[in-house]
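Now for the letters of each chain:
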Amino acid sequence: MKRSPFNRRPRVAREADQLVWLAEGLARSSSRVEDAFWEPRLLNEVATLIDAEDEGALTAAMDRLSQSGERGFEELADVVEARCESALVGDAEAQVSMLLLAIPVLAWSRLRIPAGNLPDALLNQLRSDLQNHVLDKGARVVLGDFLFSPDQLPQGYTATATLARRFFAALEARRPLRLDPADFVETGQFLSDVRYVLAAVAIEPTAAIFRWQSEDVQRDAQTLAWASAAQSSLASAFPACAFEVLAPQAFFAACRESDRQLRPYSLSAGIEFLRATLGIEPAELRAFIGGFHGHRLEEYRIGLCLPEGEQVVHGLVWPLLDAEDENSELVAEIEARLRDAGVVHLHVFEQRFPLEFCDDCGAPLYPNEDGEPVHPEMPEQPASPSAHLH
Ligand SMILES: [Zn+2]
């Protein structure tokens, strides 16, 4: 099941009742003939609420469908996301389909992972990479001149729709979207994180948008060629960082995919960080894994310890995503990823840990060898190693 990337506040409203009724009707329909009744009504209702910036009604309906576990949630999420990230513009003779894309970049650094404006030369190069490896030849594209951190992305459906409309206007004007850094919050700094470049693409309705929609094009080969080209185009934007460029996708799908891929990426980054700063090999580390609970299981946390001592020198967080819960195979996946990274000493605690953070700095607490949630503390550094990773 999809889950909204945004926080949702419950609210009862007539509009929400209507959305729930239409989405459940569409989900239970058994034919295209019946769909033809529900779908346009649902699309219309969602469009009206997004145009009125009624985030409350959208999230209230999402909440109710999500809690009831009905299939209507998927139907509503699809329609809401589509309406936010895409548009059909122009008159009947000359219609154009527009879509907001995100290019996620996974990065880690002992210094700072950048965010903010990108230079034109880099954007031009990245646009060529998109045209050469990702987009169909008939597609037009503009990029936003900004590298977004997750907390700088629009927070909410109607905010996403508003930003997408700015991108679509830039497409019509055929020039890059200029974004003002003063409009964005300061970026929280983590050892590893995601960054996004956003782009908007225009095609004729029903035409291909991606190169691999052509029968003679291999999608995997194109994706690899893209990743390698984009890696070198973006290198100057990520000084003193290791980074990996993911495939461009429609905005919401890209956000979900990058959240998923960030988990194993952060785990490898944390282990690499300890090797680079303390000179400790993964096989010497001890990893203590515990499930941390708020109202429900929220995330697994992994305390990394040196061969001796109770101190956790570094911690890793593996958040639950979408419909994952304690029945998911996440612990097995975390163990497999740690083993792949070379960690051999693993221990999984059965107990439920409370979702605790440091009162002073907000850092998560991680399990140590005694099963106590503790603050991560790096040992005293005798020398300062080079800041560069490569
Ligand atoms: Zn602290």
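Note that the coordinates shown come from a computational prediction; the quantities given were computed from them, not determined experimentally.

**A few points about helix H8 (residues 251-278)**
Across its 28 residues, H8 extends 38 Å between first and last C-alpha, which sits within 8% of the 40 Å expected from 1.5 Å per residue. At the exit of H8 stands Gly279, carrying a positive phi of roughly 65 degrees.

**Thoughts on the domain arrangement of the protein chain**
When its domains are assigned, the protein chain resolves into domain 1 (14-84), domain 2 (90-252) and domain 3 (280-374). Just the C-alpha atoms count here: the centres of domain 1 and domain 3 sit 38 Å apart.

**A look at unusual backbone geometry**
With a phi angle near 75 degrees, Thr206 is a residue other than glycine that sits in the positive phi range. Examined against the element boundaries, Thr206 turns out to sit in the loop between strand E5 (192-203) and helix H7 (219-234). Although it is not a glycine, Asp322 sits at a positive phi angle of roughly 50 degrees. Locating Asp322 in the fold gives a position in the loop between strand E10 (312-319) and helix H9 (330-340).

**Observations concerning the packing of helix H1 (residues 14-28) against helix H2 (residues 32-51)**
In contact at an axis separation of 9 Å, H1 and H2 are set at 150 degrees when each is read in the N-to-C sense. It follows that H1 is roughly antiparallel to H2 by the angle criterion. The two elements H1 and H2 cross, and the hand of that crossing is left-handed. Of the residues in H2, those touching H1 at Glu15, Gln18, Leu19, Leu22, Ala23, Gly25 and Leu26 are Asp35, Trp38, Glu39, Arg41, Leu42, Glu45 and Leu49. Split by residue class, the contact of H1 with H2 holds seven nonpolar, two polar and five charged.

**Observations regarding the environment of Tyr300**
Tracing the sequence through the fold places Tyr300 in strand E9 (residues 297-305). Classification of Tyr300 as buried rests on a count of 22 C-beta atoms within 10 Å. With 10 residues separating them in the primary sequence, Tyr300 and Gly290 have C-alpha atoms 5.6 Å apart. If we skip the residues at most four places from it in the chain, Tyr300 touches Ile289, Gly290, Gly291, Trp318, Leu330, Val331 and Ile334.

**A short note on the sheet that holds strand E8 (residues 286-293)**
With mixed pairing, the four strands of this open sheet are ordered in space as E10-E9-E8-E11. The open sheet has two edge strands with one neighbour each: E10 and strand E11 (345-354). With strand direction ignored, the average angle separating the axes of adjacent strands in the sheet is 20 degrees. Sheet topology note: the E8/E9 ladder contains eight bridges and is antiparallel. Bridged to Gly291 within E9 is Tyr300. Sitting on the sheet, H8 is in contact with E9 and E10, with an inclination near 170 degrees to E10. Set on the sheet, H9 makes contact with E8, E9, E10 and E11; between it and E9 the angle comes to about 25 degrees.

**Focus: H1**
The end-to-end C-alpha distance of H1 is 21 Å, a good match for the 21 Å that 15 residues give at a rise of 1.5 Å each. Taken residue by residue, H1 has Ala16, Leu19, Val20, Leu22, Ala23, Glu24 and Leu26 as its buried positions. Contacts made by the buried residues of H1 are with H2, helix H3 (55-68) and helix H4 (72-85).

What counts as what
- Residues numbered from 1 in each chain as written.
- Predicted model: local features only at pLDDT ≥ 70, side-chain atom pairs only at ≥ 80, totals over all residues.
- Helix = DSSP H or I, 4+ residues; strand = E, 2+ residues; numbered from the N terminus.
- Expected span 1.5 Å × (residues − 1).
- Domains from an automatic or database assignment.
- Axes fitted to C-alpha atoms, helices over the stretch in contact; angles between N-to-C directions.
- Parallel < 35°, antiparallel > 145°, perpendicular 65-115°, else oblique.
- Left-handed = near helix turned anticlockwise from the far one by under 90°.
- Contact = placed C-beta atoms within 7 Å.
- Nonpolar A, V, L, I, M, F, W, Y, C, P; charged D, E, K, R; others polar.
- Buried ≥ 20, exposed ≤ 12 C-beta atoms within 10 Å, placed from the backbone.
- Pairing = 2+ DSSP bridges.

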